[in-house]
Amino acid sequence: MMTKKELAYFEAAKAISKLSNHNQKMGCVIVNKHKIISSGYNSETKCHRIQAELDMHYYKMHSAGKIHAETSALLPLRRTDLSKASIFIYRETKDGTKALARPCPCCQKLIKQFGIKHIYYTGNDSLVYEEFV
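Below is a summary of the structure that appears in this document.

As for the pattern of salt bridges
- Counted under the stated rule, the structure contains 2 salt bridges.
- One salt bridge connects R102 with E130, and the closest N-O pair in it is separated by 2.5 Å. Taken together, the positions of R102 in the loop between β3 (86-92) and α5 (105-113) and E130 in strand β5 (residues 126-131) put the pair 28 residues apart, joining distant regions of the chain.
- Residue classification places R102 among the partly exposed residues on the basis of a relative accessible area of 37%.

So this is what it looks like as structure tokens:
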């Protein structure tokens, strides 16, 4: 069961997802010490080189030309200690239904590199918590 704060962070990620210009709206917030310290959304804009370098094969097959919400939120925090931070990822389809937002392999690598262990994301019409180790 999610706490009220965790649900509020999902609502913030949902609000951020509305900025996306992609047909699958995704939003992401990063929380540290009970404060949102960064946010991002997926976009059809040119992908950041860091996202492409993490897994070139996956990138070429699935991500070419897109920046992922997680990457967008993490990049401004490159020099921040995120070992106690959490990431919340929200995704919905064109009709407004929650959809699976588990980070792709590239984003999982990036999240781990930043030291984040607590991952929250939407499932198919549900909310999921996962700990990365």
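There's more to say after this.
Focus: the packing of aromatic side chains
- Scanning the entire structure with this criterion turns up 4 aromatic pairs.
- Seen from their ring centres, F10 and F88 are 5.4 Å apart, and the 90 degrees between their planes marks the pair as edge-to-face. Note that F10 is positioned in helix α1 (residues 4-17) and F88 in strand β3, a separation of 78 residues in sequence.
- By relative accessible area, F10 is classed as buried at 3%.
- Aromatic ring contacts, followed pair by pair, group Y9, F10, F88, Y120 and Y129 into a single cluster.
- The lysine or arginine in question, K112, covers the ring of F132, its NZ or CZ lying 5.4 Å from the ring centre.

Overview of the pairing of β3
- Burial runs high along β3: 6 of the 7 residues are buried.
- Pairing of β3 with strand β4 (residues 118-123), which is carried by 4 bridges, proceeds in the parallel orientation. From the neighbouring strand, F88 faces β4, where its bridge partner is Y120.
- Remark: the β3/α5/β4 crossover connection has right-handed handedness.

Description of the layout of surface pockets
- Quantified by volume, the second largest pocket comes out at close to 170 Å³.
- What lines the second largest pocket is T3, K5, E6, Y9, V31, N32, K33, H34, K84, S86, F88 and Y120.
- Top contributing element to the lining of the second largest pocket by residue count: α1, with 3 residues.
- Class assignment for the residues of the lining of the second largest pocket results in 4 nonpolar, 4 polar and 4 charged.

Parameters at a glance
- Residues numbered from 1 in each chain as written.
- Predicted model: local features only at pLDDT ≥ 70, side-chain atom pairs only at ≥ 80, totals over all residues.
- Heavy atoms only, no water.
- Salt bridge = Lys/Arg side-chain N within 4 Å of Asp/Glu carboxyl O.
- Helix = DSSP H or I, 4+ residues; strand = E, 2+ residues; numbered from the N terminus.
- Buried < 20%, exposed > 50% of the residue type's maximum accessible area, 1.4 Å probe, protein only.
- Phe/Tyr/Trp six-rings, centres within 6.5 Å; stacked < 30°, edge-to-face > 60°.
- Lys NZ or Arg CZ within 6 Å of the ring centre and 35° of its normal.
- Pairing = 2+ DSSP bridges.
- Right-handed = clockwise from strand over helix to strand, strands pointing away.
- 1 Å grid on protein atoms, 1.4 Å probe; cavity = no way out; pocket = protein on both sides within 12 Å on 5 of 7 lines; lining within 4 Å.
- Points joined across faces, edges and corners; volume = space filled by probe spheres on them.
- Nonpolar A, V, L, I, M, F, W, Y, C, P; charged D, E, K, R; others polar.

In short, shape yes, function no, at least from these values alone.
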